[in-house]
Amino acid sequence: MVNYKVTVSTSGPLNGTTMNNIFIKLVGTDGESDRTWLCNFTGPLAFIAGQASSFNVTCRVSIGKLILIELDKQGLPLIPQDSWFPAKVKVESPEGDIYNFPIYRWITDSEVKRFREGTALRVFEDSHNLGRYSREQALKQREKDYRWDVYAEGIPHKMKVEGPLSLPCEVRFSFTKTTEFGFTALTGLAELGLKGLSDSKKNWTNLDDLNRVFCNKRTHISEYVQEHWKEDTFFGYQYLNGINPMLIRRCTTLPENFPVTDDMLFPDGQSSLADEMKNGNIFLLDYKRLDGLKANMINGKQQYLMAPLVLLQKTPDDKLIPIAIQLKQTPADDNPIFFPTDSEYDWLTAKIFVRSADFSEHQLNVHLLRTHLLAEVFAVSLLRNVPMVHPLYKLLIPHTRYTIQINFLARLALISPSGVFTKFAASGGEAMVTILKRSLSSMTYSSLCMPEDIAERGMEDVPNYYYRDDGLKLWDIIQRFVEGVLSFYYKSDEEVQQDSELQKWISDIFEHGFLSQENTGIPQSFTSVAELVKFVTMVIFTGSGQHSAVNTGQYDYGGWMPNTPISLQLPPPTTKGTTSEATMLNTLPDIGTSAQGMATVWLLSKPSSDFVPLGQFPEEHFSEENPWELIKDFQGELEVLTTVISVRNRKLEIPYTYMDPAVIENSVAI
């Protein structure tokens, strides 16, 4: 008789404990054990959250190299089936070999569950004849659990789910996250002191009233925004380091539909647009994706959404300032071009229309589509197609945490017919899906890869562009880590090409995320290790750093409503000299709409207490030493970047923290 020492670890959530009986079977290359009750005479306390318990499993002879284990959980006469969250099982063989079986998922029923040994295996390496234990069977079950569904034609597909409780247990919110998120959603208006205002259809009569409401919740940056929102230098700054640093690009040729002349911009004749463009000092914001859309109706009143064109100029002291604004795409007599030399409220009103357009461009394209919806596609394809023992699964699973459920809730609470965005944003009506469709059809792979995106927009040497500075450093750190891990498992391009599970992962992403649009440049298959490393780097960066950059500061820059209005109630001026403070106030969203918008960006900016920062791997999926050494190096590099950013920020009037690894969550979880 030979003994196998089995150590079972139950994971940390308090509700992960089980009082049920646990049974195990060991399966090896030369045989299998009997189904064995894991009893160490400690009673029902063997499987408590945060604890590990050891047992002996006896076999008549050695069963060879262990391949997998079978676990099942059975209720007792007086104790019904409960839910158990095992972390891992470690088995020491009679020969002294150690086998690790990562689990990290809920077991809620009495069915037999099978788990592969944790040493990362690619499909072409799996030479054992596992019969009914084959990974193909496991993946078929995953395909049933994670099914594709169409939310709307022309946008990335989502996971088919009826509600949070129908999600597989391993992708649901924790108890802490569920409690805090529900509490925050219910009390957002109350926390901001807006509960009595949310149904008001009245207009603001002065900014002092708005200021009194805004005083209830402030951040350091939101206070700065309130004080400086009218200033041209701050307007320009936001396109570098605000929550939408993705639109601005260097302008080398003036768009034909933006008929600005030297006389308009430089009446003193001391410069010219051609010279300024040649010197790299002119930049463009083009909101063409919003052109021709029908804006929403809010409280029975027509709203207005423009598609502006904006020129910005870099000044000798390295500031960016707007120098021309055209609020519609088509030049016309009733579509004047506004300049800083116009009246105070003509110029301020033009900037307000631009900032309101930016709200829609940011929320739907930059935030929702390019982080949330893509992250869900990456996650669902991983969970459908890649087994737990695969190196790609081990590398990416921390970056899928909560993404599927947060997106379900976003669709329900924000963009459903009764959602806040649908009811209270200018682009929340029929325009919403059109913007998403246009955004996906114009998306490119290179625009998702930060180094290429920065280069394509001509933004490599623009001063004070901290999103770029921190983001490129972060991209490089992630890429080095990904390259180290994947190169450990893939020694040649041929191994990548032969890995059918890897190829199915990218194939599903191309089909369901990018709707098989070849013009996106998204790979349909992987042909080399380098190609794989680049794509996986993009996946991790998108769900962590990029999401942080476009999400975390939403209340900072949107809490003071006039800086980023969710909607506008009056059309833009068609002639100059017709605006005033009164028309500006009547143009801004009404009190109730403002309150709903402020409460929403407050909720979306608020991390939960079980936040997991970038670089942390709380679940021990890797069994080999090499990946753990790489993880330590990765964490060390992230800590250095945090220090570099912190030192830099001490010198800045407005600190830029959104790409600081210490505040970046590992996944799209809010």
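Small disclaimer: the values here were computed from a predicted structure and weren't measured. (Residues numbered from 1 in each chain as written. Predicted model: local features only at pLDDT ≥ 70, side-chain atom pairs only at ≥ 80, totals over all residues. Heavy atoms only, no water.)

J.: Whenever I open this one, the overall build of the protein confuses me. Can you help?
T.: Within the protein, the regular secondary structure consists of 22 helices and 18 strands. When its C-alpha atoms are laid out on the principal axes, the protein stretches across 95 × 55 × 45 Å. Counting over 670 residues, the protein shows a buried share of 59%. Taking contacts inside the protein between residues at least 6 apart in sequence as the whole, the part at least 24 apart equals 74%. Of the roughly 26700 Å² of accessible surface on the protein, 52% is carried by carbon and sulfur atoms. Side chains of the protein carry 63 positive and 82 negative charges; the gap between the two charge centres is 5 Å. (Helix = DSSP H or I, 4+ residues; strand = E, 2+ residues; numbered from the N terminus. Buried < 20%, exposed > 50% of the residue type's maximum accessible area, 1.4 Å probe, protein only. Contact = heavy atoms within 4.5 Å. Areas by Shrake-Rupley, 256 points an atom, 1.4 Å probe, with all protein chains shown as cover. Lys, Arg positive; Asp, Glu negative; His and termini not counted. Charge placed at Lys NZ, Arg CZ, Asp CG, Glu CD.)

J.: Explanation requested: the sheet that holds strand β1 (residues 2-10) in the structure shown.
T.: In any sheet, the strands associate via hydrogen bonds between backbone groups, in a parallel or an antiparallel arrangement. Read across the sheet, 4 strands follow the order β5-β1-β7-β8 without closing on themselves; strand pairing throughout is antiparallel. The open sheet has two free edges, formed respectively by β5 (52-59) and β8 (98-102), since each of these has just one partner strand. Across the sheet, the mean angle from the axis of one strand to that of its neighbour is 20°, orientation sign disregarded. Looking at chain direction, strand β7 (residues 86-92) and β8 are connected through 5 bridges and run antiparallel. Bridge pairing in β8 links Val91 to Tyr99. (Pairing = 2+ DSSP bridges. Axes fitted to C-alpha atoms, helices over the stretch in contact; angles between N-to-C directions.)

J.: Looking at this structure, how should I read the sheet that holds strand β17 (residues 320-326)?
T.: Reading across from one edge, β12-β13-β16-β17-β18 is the order of the 5 strands in this open sheet, with antiparallel pairing throughout. Edge positions in the sheet fall to β12 (249-250) and β18 (337-338), since each has one partner strand and no second. Pairing between strand β16 (residues 309-314) and β17: 6 bridges, direction antiparallel. In the strand pairing of β17, Leu311 is matched with Ala324. Here helix α5 (residues 232-241) sits on the sheet and contacts β13 (282-286), β16 and β17; the angle it forms with β17, its principal contact strand, is near 95°. Relative to the sheet, helix α8 (residues 344-385) contacts β16, β17 and β18, its axis offset from that of β17 by approximately 90°.

J.: What is the right way to read the pattern of salt bridges from this model?
T.: Here the idea is simple: oppositely charged side chains can pair when their charged atoms come close. For the structure shown, the criterion picks out 27 salt bridges. Of the charged contacts in the structure, one is a salt bridge between Glu665 and Arg401, with a shortest N-O distance of 3.8 Å. Taken together, the positions of Glu665 in the segment after α22 (625-649) and Arg401 in the loop between α9 (391-396) and α10 (403-415) put the pair 264 residues apart, joining distant regions of the chain. Residue class for Glu665 comes out buried when judged on its relative accessible area of 10%. Residue classification places Arg401 among the partly exposed positions, given a relative accessible area of 24%. Across the pair Glu629 and Lys632 runs a salt bridge, and its minimum N-O distance is 3.9 Å. Note that Glu629 and Lys632 are positioned in helix α22 at a spacing of 3 residues, about one turn of the helix. Salt bridges sharing partners connect three or more residues here, namely Arg105, Arg142 and Glu170. (Salt bridge = Lys/Arg side-chain N within 4 Å of Asp/Glu carboxyl O.)

J.: What's the story with the nonpolar core in this structure? I'm lost.
T.: Nonpolar side chains in soluble globular proteins tend to be buried together. Core analysis: the biggest nonpolar cluster contains 185 residues, and Leu26, Val89, Ile248, Trp505, Phe535 and Val536 have the highest contact counts within it. Per-element accounting of this core gives the leading share, 21 residues, to α8. In this structure Val89 touches Val6, Thr7, Val8, Ile24, Ile69, Leu71, Tyr99, Asn100, Phe101 and Ile103, once residues within four positions along its chain are discounted. In terms of nonpolar packing, the next biggest core, distinct from the first, is built from 15 residues, Cys251, Met277, Leu284 and Leu311 among them. (Core = buried A, V, L, I, M, F, W, Y, C linked by side-chain atoms within 4.5 Å.)

J.: Looking at this model, I keep getting lost on the packing of aromatic side chains. Mind explaining?
T.: Aromatic ring pairs are defined here through the distance separating the ring centres and the angle between the ring planes. Scanning all chains against the criterion turns up 22 aromatic pairs. Aromatic side chains Phe488 and Tyr489 sit 4.9 Å apart centroid to centroid with 80° between the ring planes, which places their arrangement in the edge-to-face category. Judged by its relative accessible area of 29%, Phe488 falls in the partly exposed class. According to the relative accessible area criterion, Tyr489 is buried, its value standing at 5%. (Phe/Tyr/Trp six-rings, centres within 6.5 Å; stacked < 30°, edge-to-face > 60°.)

J.: What exactly am I supposed to notice about the UniProt feature "binding site: Fe cation" (unreviewed entry) in the protein here?
T.: With numbering aligned to this structure, UniProt lists the feature "binding site: Fe cation" (unreviewed entry) at His367, His372, His547 and Ile670. A maximum C-alpha distance of 11.4 Å places the annotated residues, which cover 304 residues in sequence, within one compact spot. Its place among the elements puts His547 in helix α18 (residues 529-551). Apart from residues no more than four positions distant in its own chain, His547 is found in contact with His367, Thr371, His372, Phe541, Thr542, Thr552, Val668 and Ile670. (UniProt positions renumbered as here; feature names shortened; annotations may be inferred.)

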